[in-house]
Amino acid sequence: TFVRNKSIFSMKQFYVYKIVNILFLLGVRRFSEETDHMEKMAWNIESEYSSYNSIEFKNEFDLVKSMIDQIEQDVNSLVPPFETQINTFQNILIRSQQAQVLLNNMSTYLMCHLSVDSSLNEAQAKKSELSNLQSRISQVFVPVDSYIKTCSQDVFKKILEMQRSG
């Protein structure tokens, strides 16, 4: 589950929420003022990245990799009693959410390209790299997820308190 604006989302709800937000930002649905019919959906994804080979895309990809490395270091630094390491859990959750947002942005961008032309080999390769990062962050996050699911209500509240104020 993920926390956003004091609400707890399931993983599925989180992805639906992110996709809807990203599509809203990337897609512009225009209605003609002169007629009552809706025009075709117009996409302008260049505001996100100029291309999937762009320096901006590569920088965000590298940023996500470094964020996952940091998450992994933080997870590996956790030692019992975990209740004394609330800040580390909070930092892991925050960094994980940030990495997920970037991964979802890049993935949605690639999916927009691939929905138009699925034969773009380089885009397919980048999509695969993003999937690998998604798998890695999921694997790194397993111990944190397990602890959060089994910790006491008091500890859980302390972890979430930072999420609300941060």
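Higher on the page you've got the structure.
Anyway, here's the lowdown on the structure attached to this text. None of these values were measured; they are calculated from a predicted model.

### Describing the overall build of the chain
Helix and strand content of the chain: five helices and four strands. Each helix and strand of the chain, ordered N terminal to C terminal, gives the series β-β-α-β-β-α-α-α-α. Taken across its 166 residues, the chain has 35% of its residues classed as buried. Restricting to contacts in the chain with at least 6 residues of sequence separation, those with at least 24 account for 66%. In the form shown here, the chain has an accessible surface area of approximately 10,600 Å², with 52% of it arising from carbon and sulfur atoms.

### Here's the deal with the pattern of salt bridges
Applying the stated criterion to the full structure yields five salt bridges. Between Lys 58 and Asp 62 there is a salt bridge, and its shortest N-O distance comes to 2.8 Å. Taken together, the positions of Lys 58 and Asp 62, both in helix α2 (residues 55-77) and four residues apart, correspond to about one turn of that helix. Asp 74 is paired through a salt bridge with Arg 95; the nearest N and O atoms lie 3.0 Å apart. Residue Asp 74 is located in helix α2, and its partner Arg 95 is located in helix α3 (residues 86-116); the two are separated by 21 residues in the primary sequence. Asp 74 gets classed as buried once you look at its relative accessible area, which sits at 14%. A cluster of three or more residues bridged by salt bridges with shared partners is formed by Asp 69, Glu 72 and Arg 136.

### Looking at the packing of α2 against helix α4 (residues 121-150)
It is the contact of α2 with α4, at a shortest axis distance of 9 Å, that shows an interaxial angle of 20 degrees. Considered as vectors, α2 and α4 are oriented roughly parallel to each other. Remark: the crossing between α2 and α4 carries left-handed chirality. Residues Phe 57, Phe 61, Val 64, Lys 65, Ile 68, Asp 69, Ile 71, Glu 72 and Val 75 of α2 pack against Lys 126, Glu 129, Leu 130, Leu 133, Arg 136, Ile 137, Val 140, Pro 143 and Val 144 of α4.

### Some words on the nonpolar core
Judged by nonpolar contacts, the single largest core of 35 residues is most densely connected at Val 64, Met 106 and Val 144. For this core, the elements supplying multiple residues, two or more each, are α2, α3, α4 and α5 (153-165). No other element matches the twelve residues that α3 contributes to this core. Beyond its immediate stretch of four places on either side in the chain, Val 144 contacts Val 75, Leu 78, Phe 89, Ile 92 and Leu 93.

### Concerning the packing of α2 against α3
For the pair α2 and α3, interaxial distance at closest approach is 9 Å and the crossing angle is 155 degrees. The angle between α2 and α3 places the two elements in the roughly antiparallel class. Every pair of crossing elements has a handedness; the one defined by α2 and α3 is left-handed. Two secondary-structure elements touch here, α2 through Phe 57, Glu 60, Phe 61, Leu 63, Val 64, Met 67, Gln 70, Ile 71, Asp 74, Val 75 and Ser 77 and α3 through Thr 88, Ile 92, Arg 95, Ser 96, Gln 98, Ala 99, Leu 102, Leu 103, Met 106, Tyr 109 and Leu 110. Broken down by class, the residue content of the contact of α2 with α3 amounts to 14 nonpolar, five polar and three charged.

### Thoughts on the environment of Gln 85
In this structure, Gln 85 sits in the loop between α2 and α3. Distance from Gln 85 to Val 155, taken between C-alpha atoms, is 10.0 Å for residues 70 residues apart in sequence. The contacts of Gln 85, once residues within four sequence positions are left out, are Ser 77, Leu 78, Val 79 and Pro 80.

### Notes on α2
Given 3.6 residues per helical turn, the α-helix brings residues three or four places apart onto the same face. Its 23 residues place the ends of α2 33 Å apart at the C-alpha level, agreeing with the 33 Å of an ideal helix rising 1.5 Å per residue. Buried residues belonging to α2 abut α3 and α4.

### Details of the packing of aromatic side chains
Tallying each qualifying case throughout the model produces six aromatic pairs. Residues Tyr 49 and Phe 57 carry aromatic rings whose centres are separated by 5.0 Å and whose planes lie at 70 degrees to one another, so their mutual orientation is edge-to-face. Each member of the pair, Tyr 49 together with Phe 57, is buried. Measuring from centroid to centroid gives 5.2 Å for Phe 82 and Tyr 147, while their planes differ by 65 degrees, and the two rings are edge-to-face. Placement of the pair is Phe 82 in the loop between α2 and α3 and Tyr 147 in helix α4, with a sequence separation of 65 residues. For Phe 82, a relative accessible area of 26% puts it in the partly exposed group. Within the aromatic cluster, the residues linked to one another by ring pairs are Tyr 49, Phe 57 and Tyr 109.

Conventions used here
- Residues numbered from 1 in each chain as written.
- Predicted model: local features only at pLDDT ≥ 70, side-chain atom pairs only at ≥ 80, totals over all residues.
- Heavy atoms only, no water.
- Helix = DSSP H or I, 4+ residues; strand = E, 2+ residues; numbered from the N terminus.
- Buried < 20%, exposed > 50% of the residue type's maximum accessible area, 1.4 Å probe, protein only.
- Contact = heavy atoms within 4.5 Å.
- Areas by Shrake-Rupley, 256 points an atom, 1.4 Å probe, with all protein chains shown as cover.
- Salt bridge = Lys/Arg side-chain N within 4 Å of Asp/Glu carboxyl O.
- Axes fitted to C-alpha atoms, helices over the stretch in contact; angles between N-to-C directions.
- Parallel < 35°, antiparallel > 145°, perpendicular 65-115°, else oblique.
- Left-handed = near helix turned anticlockwise from the far one by under 90°.
- Core = buried A, V, L, I, M, F, W, Y, C linked by side-chain atoms within 4.5 Å.
- Nonpolar A, V, L, I, M, F, W, Y, C, P; charged D, E, K, R; others polar.
- Expected span 1.5 Å × (residues − 1).
- Phe/Tyr/Trp six-rings, centres within 6.5 Å; stacked < 30°, edge-to-face > 60°.

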